[in-house]
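Chain and residue survey
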Amino acid sequence: MNPVKPGETRRAPWIVGVSGASGTPYAASVLRALLDAGESVDLVVSRASRLTLLDETGISFRDAHWQDDLREWLARGADGKPGSFGIGAGIERVRYWPAGDLAAGPSSGSYPVKGMLIVPASTACVAGVALGLSKDLLQRAASVTLKEGRKLVVAVRETPLNGQTLRHLVTLDDAGATVVPASPAFYAGATHIQDLVDFVAGRVLDAAGVEHRLYRRWKGELGGGTRTT
């Protein structure tokens, strides 16, 4: 955990919450793009997401070694290949808060942030935020984001969606959140699993208003995404 340092009062990060849903490569892609854009990040990794991360990547995310574990995670491609991405000094702009720390900065509306991205968002996380449960820092930070009128983007990753979850998503939409289903598209000419992951991550960042170059945008021309050799 990082204490607030002197001279950082003007820092306005994006909170990135990672829940226990499958889809940790989506979170990695969002984090890399935020750092590439020069943004600061406050990272909250739920307890359930640590199990998912371990299962999907083999990486154990540890509080005491979070920088090393985060660097290894962000360097890994969506296909599981280590060292696919170079991770530079941008990781120094990440501040990590344990999910059980309800006294953390993001738990208060007076803590300056630009908004929050939950990627991926499990149905349990969606329900907790919609109902205002605040059972951990991730849910509390999301509730604070909504009450302060800041941007909240929820990248729900589940299928099929039952009526209860759909009602929770409508509740979040009514509260001002943007719901972005983790639904890859193919018109951008995807040829690799990373392309599909980056498309979803890019749509999350589009909803947040963060510039990126994660996918090829539609230009109104059929076949524009087809790649020829």
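Okay, so let's go over this structure.

Here we look at the environment of aspartate 195
- Position of aspartate 195 relative to the elements: it lies in helix 7 (residues 193–208).
- Given a relative accessible area of 23%, aspartate 195 falls into the partly exposed group.
- Distance from aspartate 195 to tyrosine 215, taken between C-alpha atoms, is 7.2 Å for residues 20 residues apart in sequence.

What to know about the sheet that holds strand 6 (residues 178–179)
- The strand order across the open sheet formed by 6 strands is 3-2-1-4-5-6, and the pairing between neighbours is parallel. Across the chains shown, the open sheet's two edge strands, defined by having one partner strand only, are strand 3 (94–98) and strand 6.
- In terms of strand pairing, strand 4 (residues 115–121) meets strand 5 (residues 151–156) through 5 bridges, oriented parallel. Within strand 5, the residue paired with alanine 121 across the bridge is valine 156.
- Contacting strand 4 and strand 5, helix 4 (residues 123–131) runs over the sheet at an angle of about 145° to strand 4.

Let's talk about helix 6 (residues 163–175)
- When the terminal C-alpha atoms of helix 6 are compared, their 18 Å separation across 13 residues agrees well with the 18 Å that a helix rising 1.5 Å per residue should span.
- Where helix 6 is concerned, the buried positions are Thr165, His168, Leu169 and Leu172. Down the axis of helix 6, the sector holding all buried residues measures 100°, keeping them to one side. Residues of helix 6 that are exposed and point over 90 degrees away from its buried face: Arg167 and Asp174.
- In this structure, the buried side of helix 6 is in contact with helix 4, helix 5 (137–147), strand 5 and strand 6.
- Capping the start of helix 6 is the job of one residue whose side-chain oxygen sits 3.2 Å from the backbone nitrogen of glutamine 164: asparagine 162.
- Among the residues trailing helix 6, glycine 176 stands out with phi positive, at a value near 110°.

Side note on the nonpolar core
- Ranked by size, the top nonpolar core spans 38 residues in total, and within it Leu34, Leu43, Phe61, Leu70, Trp73 and Leu117 carry the most contacts.
- Elements that contribute at least two residues to this core include exactly strand 1 (14–18), helix 1 (24–36), strand 2 (41–45), helix 3 (66–75), strand 3, strand 4, strand 5 and helix 7.
- The element that contributes the greatest number of residues to this core is helix 1, accounting for 8 residues.
- Excluding anything up to four places from it in sequence, tryptophan 73 contacts Val18, Thr24, Ala27, Ala28, Leu31, Arg32, Leu53, Ile59 and Phe61.
- With 25 residues, the next largest nonpolar core counts Ile118, Ala142, Val156 and Leu172 among its residues.

What about the pairing of strand 2?
- Judged by how many residues are buried, strand 2 sits mostly within the fold: 5 of 5 residues are covered.
- A two-sided burial pattern is seen for strand 2, the buried positions comprising Val41, Leu43 and Val45 on one face and Asp42 and Val44 on the other.
- Handedness of the crossover joining strand 1 and strand 2 through helix 1: right-handed.
- Judged from the 5 bridges that link them, strand 2 and strand 3 form a sheet pairing that is parallel. Bridge pairing in strand 3 links aspartate 42 to arginine 95.

Considerations on helix 2 (residues 47–57)
- For helix 2, the full list of buried residues reads Ser49, Thr52, Leu53 and Thr57. Down the axis of helix 2, the smallest arc covering the buried residues is 100°, so these residues share one side. Exposed and oriented more than 90 degrees from the buried face of helix 2 are Arg47, Leu51 and Asp55.
- Taken from the residues just after helix 2, glycine 58 is the one with a positive phi, measuring 80°.

Looking at the pattern of salt bridges
- By the definition in use, this model includes 8 salt bridges.
- The shortest N-O distance in the salt bridge between aspartate 42 and arginine 11 comes to 2.7 Å. One end of the pair, aspartate 42, is in strand 2; the other, arginine 11, is in the segment before strand 1, and 31 residues separate them in sequence. Note on accessibility: aspartate 42 and arginine 11 belong to one class, buried.
- In this structure, glutamate 148 engages lysine 147 in a salt bridge whose closest nitrogen and oxygen atoms are separated by 2.7 Å.
- A cluster of three or more residues bridged by salt bridges with shared partners is formed by Arg203, Asp206 and Arg217.

Rules of the game
Sequence order as written defines residue numbering, which begins from 1 separately in each chain. Predicted model: local features are reported for residues with pLDDT of at least 70 only, side-chain atom pairs are reported and counted for 80 or more only, and whole-chain, interface and lining totals are derived from all residues. Based on all heavy atoms of the structure, the side-chain values leave hydrogens and waters out of the count. Segments assigned H or I by DSSP are reported as helices when at least four residues long, segments assigned E as strands when at least two residues long, and all are numbered from the N terminus. Think of it in three bands: with a 1.4 Å probe and only protein chains considered, a residue is buried below 20% of the maximum accessible area for its type, exposed above 50%, and partly exposed in between. For two strands to pair, DSSP has to find at least two bridges joining them. Contact between two residues is taken to exist if any of their heavy atoms lie within 4.5 Å; hydrogens are not considered. Here an angle of 0 to 180 degrees is reported between the N-to-C directions of two axes, which are lines fitted to C-alpha atoms, with helices fitted over the stretch in contact. Multiplying 1.5 Å by the residue count of a helix minus one yields the expected span of that helix. Each C-beta atom gives one direction from the helix axis, and the arc is the one those directions make. Polar contact is the term for a pair of N or O atoms within 3.5 Å; when the atoms are in protein, one must be able to donate a hydrogen and the other to accept it, and sequence-neighboring residues count only if both atoms are side-chain atoms. Throughout this description, the term nonpolar core refers to a set of buried Ala, Val, Leu, Ile, Met, Phe, Trp, Tyr and Cys residues connected via side-chain atoms within 4.5 Å. The path from the first strand over the helix to the second decides the hand: if it runs clockwise while the strands point away from the viewer, the crossover is right-handed. The rule for a salt bridge is simple: a side-chain nitrogen of Lys or Arg has to be within 4 Å of a carboxyl oxygen of Asp or Glu.

In short, the description is geometric, and any link to function would need to be established separately.
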